[in-house]
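These are the residues of each chain, in order.
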Amino acid sequence: MSSDDRLHGRLGRTGLSVSRLWLGTVNFGGRVDEPAAHRLLDHALERGIDVIDTANIYGWRVYKGWAEEVIGNWLDRGSRRDEVVLATKVGHPMSDAPNDGGLSVRNIVASCEASLRRLRTEWIDLYQIHHVDRGVSWDEVWEAMEILLRQGKIRYVGTSNAAGWDLAAAQEAARRRGLLGLASEQCLYNLVTRHPELEVLPAASAYGIGVSVWSPLHSGLLGGVLRKQADGTAVKSAQGRAAAALEVHRDAIAEYERLCAEFGRSPAEVGLAWVLSRPGVTAAVIGPRTTAHVDDAVRALETPLSDAQTARLEALFPPVGNGLPAPDAWIG
């Protein structure tokens, strides 16, 4: 395993060391079968990636929970549990039953126990709220998390897809209860989607919350989509979020791919290197389908962009409002 300090850092204000790349498992099932998933897990760990990020619903193309089962089978093959930081999520409905989703005490506790069975482990290192449940108070969420923390079933709590004010509300509720509160937030952030810079990243920084980034290449949009479409190799980038965004950003993406060629680096490397260089970002969650994708991601981390290259990317994909502060409130 690599000992390069550039591969690891602390998760926010906690003492937990995590790799700066996290192996995301959203492609497990449908796009990645179990043998290929095990090869990816082996290879990622060999390259120094020691955080496995999943969710109880992942693998839904086969059935919900399948990805956790695959990870559990991998962990059961050897003595790897102490080598990895295991992160999963709760909140999405697992069935049509009225209490089989959301963030009630009942569902959080029951979902954690079900994830533990599928993962074949006694504890989860980072238990993440997949989406904020507007119908449930933070006091109820923390009541459930306190139960799991006391029982030793989870170590840290995180959120995903939260707004800046959600992070503040969660932390203030935790503070009233004498809890550590959130260790991390996982958000969508990349060159095309920069709105987390307005509130999420500042709120996370103020409260000492680590930030992991999902879809750092915007579902393949920043991974060389135009070249892949031209040679017929586009998979994920030919559908969904990336396809819709391409219609809006086609000219910028064409210039981006030209810039990457000028830099002598692949678009995927450049997009990932940019995210990893952003202030407040702890880690990027990658969703590889091959071991080569893992190696590309490690190269992005090992070879940062120059200031000049970053400036050219910033000019092509400027921050929201060009990075200026919000206008003063109108007083009339």
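So, how was this worked out
- Numbering of residues begins from 1 in every chain and follows the order in which that chain's sequence is written.
- Given that this is a predicted model, residues contribute local features only at a pLDDT of at least 70 and side-chain atom pairs are listed and counted only at 80 or more, while totals for whole chains, interfaces and linings are drawn from all residues.
- As a convention, hydrogens and water are excluded, and side-chain values are obtained from all of the structure's heavy atoms.
- We define a salt bridge as a contact between a side-chain nitrogen of Lys or Arg and a carboxyl oxygen of Asp or Glu at a distance within 4 Å.
- Here a helix means four or more residues in a row that DSSP labels H or I, a strand means two or more in a row labelled E, and each is numbered from the N terminus.
- Per-residue accessibility, obtained with a 1.4 Å probe over protein chains only, is compared with the maximum for each type, and a residue is labelled buried under 20%, exposed over 50%, and partly exposed between these values.
- The contact rule is simple, with two residues in contact once any of their heavy atoms fall within 4.5 Å.
- Using a 1 Å grid laid over the protein atoms alone, points where a 1.4 Å probe fits but cannot get out form a cavity; open sets with protein on both sides within 12 Å along at least 5 of 7 lines form a pocket; any residue with an atom within 4 Å of a point counts as lining.
- Grid points are joined across faces, edges and corners, and a volume is the space filled by probe spheres set on the points.
- Whether two strands pair comes down to DSSP finding at least two bridges between them.
- With its strands directed away from the observer, a crossover is right-handed exactly when the path from the first strand over the helix to the second travels clockwise.

**Comments concerning the pattern of salt bridges**
At step 1: Under the definition given, this model contains 23 salt bridges.
At step 2: The closest approach of N and O atoms between Arg118 and Glu68, which form a salt bridge, is 2.7 Å. With Arg118 in helix α3 (residues 105-119) and Glu68 in helix α2 (residues 66-76), this residue pair connects regions lying 50 residues apart in the sequence.
At step 3: Looking at Arg118, the relative accessible area reads 18%, which means it is buried.
At step 4: Residues Arg120 and Asp76 are paired through a salt bridge, measuring 2.8 Å at the closest nitrogen-oxygen approach. Here the residue Arg120 occupies a position in the loop between α3 and β6 (124-129), and Asp76 occupies one in helix α2, the gap between them amounting to 44 residues.
At step 5: Asp76 gets classed as exposed once you look at its relative accessible area, which sits at 52%.

**Here's the deal with α2**
At step 1: For α2, the buried fraction is high: eight of the eleven residues fall into the buried class.
At step 2: Within α2 the residues assigned to the buried category are Trp66, Ala67, Glu68, Val70, Ile71, Gly72, Trp74 and Leu75.
At step 3: Elements that come into contact with the buried residues of α2 comprise α1 (34-46), β4 (51-53), β5 (85-90) and α3.

**Structural notes on empty space enclosed by the protein**
At step 1: Tallying each qualifying case throughout the model produces one cavity of 30 Å³ or more.
At step 2: Of the pockets and cavities examined, the largest cavity occupies roughly 30 Å³.
At step 3: Lining of the largest cavity is provided by Leu23, Leu41, Ala44, Leu45, Ile49, Val51, Ile52, Trp74 and Val84.
At step 4: Of all the secondary-structure elements, those providing two or more residues to the lining of the largest cavity are α1 and β4.
At step 5: Ranked by the residues each element gives to the lining of the largest cavity, the list is headed by α1, at three residues.

**Observations concerning the pairing of strand β8 (residues 182-188)**
At step 1: Of all seven residues making up β8, seven are buried, and the element is well covered by its neighbours.
At step 2: Here strand β7 (residues 154-160) pairs with β8 via four bridges, running parallel. For Val157, the partnering residue across the bridge sits in β8 and is Leu182.
At step 3: Handedness of the β7-helix α5 (residues 164-176)-β8 crossover: right-handed.
At step 4: Strand direction decides the pairing type here: β8 and strand β9 (residues 210-214), joined by five bridges, are parallel. The residue of β9 that forms the bridge with Leu188 is Trp214.
At step 5: Taking the sense of rotation as the criterion, the β-α-β connection linking β8, helix α6 (residues 200-207) and β9 turns out right-handed.

Just geometry here; none of it tells us what the structure is for.
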